[in-house]
Amino acid sequence: SSPARRCLETATALGLTPIVDPRLAECDFGNWAGRTLAELDAEDPAATRAWMLDPAAAPHHGESLLDLHARVGAWLADLATGPDLLTIAVTHGGVVRSAVTHALNAPPATIWRIRVAPLSITTLDLRDDGFVPLVEPSRPVPASFGAATAVRNTHGQTGTSNAAPTMRASPS
């Protein structure tokens, strides 16, 4: 789980015992935290434009998209080399978008073209050749749930498991 309180509470509401992994934290927006994009654009359109167009830019004195992408990529790489199990990550939209760009082998700037609805579930399936995003029909998600990413480490295997979902994180 992300260390954010809302993610920890969501994981608990899902019946999971959260294991905090700082790599699942939302992007550090620095001095932009808590403000809307419209507010930022009205105040400093050049900085906002740089943030949206240059993945290396961090005009907010926080984390760049490249930094976020590297952090999420490191988490995914650890999952890819770990044991075959279901991992449920209760996290944030930016982390989910970054994970999907990794799965698609798309450049980090693609993050802006991926929409992640609040309270949504995104599934990545790990195959022998990497992660594959699975698109499933929309289904209602109870309001108490937060954004979650399920990662199946199957290395191309199919089948079912009676094991309960677990959350796994590498020590940081």
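Here the structure is a predicted model, which means the values were calculated and not measured. (Residues numbered from 1 in each chain as written. Predicted model: local features only at pLDDT ≥ 70, side-chain atom pairs only at ≥ 80, totals over all residues. Heavy atoms only, no water.)

Chemist: Honestly, the overall build of the chain in this entry has me stumped. Any pointers?
Modeler: Scanning the chain for helices and strands turns up five helices and four strands. Seen in sequence order, the chain has helices and strands lined up from the N terminus as α-α-α-α-β-α-β-β-β. Counting all 172 residues of the chain, 42% fall into the buried class. Residue pairs in contact within the chain that sit at least 24 positions apart in sequence constitute 69% of those at least 6 positions apart. (Helix = DSSP H or I, 4+ residues; strand = E, 2+ residues; numbered from the N terminus. Buried < 20%, exposed > 50% of the residue type's maximum accessible area, 1.4 Å probe, protein only. Contact = heavy atoms within 4.5 Å.)

Chemist: Whenever I open this one, the nonpolar core confuses me. Can you help?
Modeler: As a rule of thumb, nonpolar side chains are buried together in soluble globular proteins. Of all hydrophobic cores here, the largest spans 24 residues; its most connected members are Leu-68, Val-72, Trp-75, Leu-76, Leu-124 and Phe-131. For this core, the secondary structure elements donating two or more residues are helix H3 (45-53), helix H4 (65-81), helix H5 (93-103) and strand E2 (121-127). With near-sequence residues (within four places) excluded, Val-72 lies in contact with Arg-23, Val-95, Ser-98, Ala-99 and His-102. In terms of nonpolar packing, the next biggest core, distinct from the first, is built from six residues, Ala-4, Ala-11, Ile-88 and Val-90 among them. (Core = buried A, V, L, I, M, F, W, Y, C linked by side-chain atoms within 4.5 Å.)

Chemist: Would you explain the environment of Arg-71 in this entry?
Modeler: In this fold, Arg-71 is placed in helix H4. The class for Arg-71 is buried, based on a relative accessible area of 15%. Taking the C-alpha atoms as reference points, Arg-71 and Cys-27, 44 residues apart in sequence, are found 9.7 Å from one another. When near neighbours in sequence (up to four residues on either side) are disregarded, Arg-71 contacts Pro-22, Arg-23, Leu-24, Ala-25, Glu-26, Cys-27 and Glu-63. A distance of 3.5 Å separates a polar side-chain atom of Arg-71 from the backbone oxygen of Glu-26. (Polar contact = N/O pair within 3.5 Å; in protein donor to acceptor, adjacent residues only side chain to side chain.)

Chemist: How should the side chain of Arg-23 be read in this particular structure?
Modeler: Along the chain, Arg-23 turns up in the loop between helix H1 (5-13) and helix H2 (37-43). Accessibility expressed as a relative area gives 13% for Arg-23, which makes it buried. A polar atom in the side chain of Arg-23 sits 2.7 Å from the side chain of Asp-78.

Chemist: Before we go on, may I ask you to explain unusual backbone geometry in this structure?
Modeler: Most peptide bonds take the trans configuration, and most residues that are not glycine carry a negative phi. For His-61, which is not a glycine, the phi torsion comes out positive at approximately 65°. Relative to the elements of secondary structure, His-61 occurs in the loop between H3 and H4. One non-glycine residue, Asn-105, adopts positive backbone phi at about 55°. What makes Asn-105 exposed here is its relative accessible area of 70%.

Chemist: In this structure, what is going on with the packing of aromatic side chains? I would like to understand it.
Modeler: To describe a pair of aromatic rings, one takes the distance between the centres and the angle between the planes. In this structure the tally under the stated criterion is three aromatic pairs. Geometrically, the ring pair formed by Phe-29 and Trp-51 is edge-to-face, given 6.2 Å between the ring centres and 75° between the ring planes. Taken together, the residues span a long stretch of sequence, with Phe-29 in the loop between H1 and H2 and Trp-51 in helix H3 at a distance of 22 residues. Residue Phe-29 is classed as partly exposed on the basis of its relative accessible area of 30%. The buried category is assigned to Trp-51, whose relative accessible area is 4%. (Phe/Tyr/Trp six-rings, centres within 6.5 Å; stacked < 30°, edge-to-face > 60°.)

Chemist: Whenever I open this one, the pattern of salt bridges confuses me. Can you help?
Modeler: Should their charged atoms come close, side chains of opposite charge can pair. In the structure shown here, the tally under the stated rule is five salt bridges. Among the ionic pairs, Glu-63 bridges to Arg-71, the shortest N-O distance being 2.8 Å. A single burial state applies to Glu-63 and to Arg-71, both of which are buried. Each of Asp-21, Arg-23 and Asp-78 takes part in salt bridges that share partners, so that together they form one network. (Salt bridge = Lys/Arg side-chain N within 4 Å of Asp/Glu carboxyl O.)

Nothing here speaks to function; it is geometry throughout.
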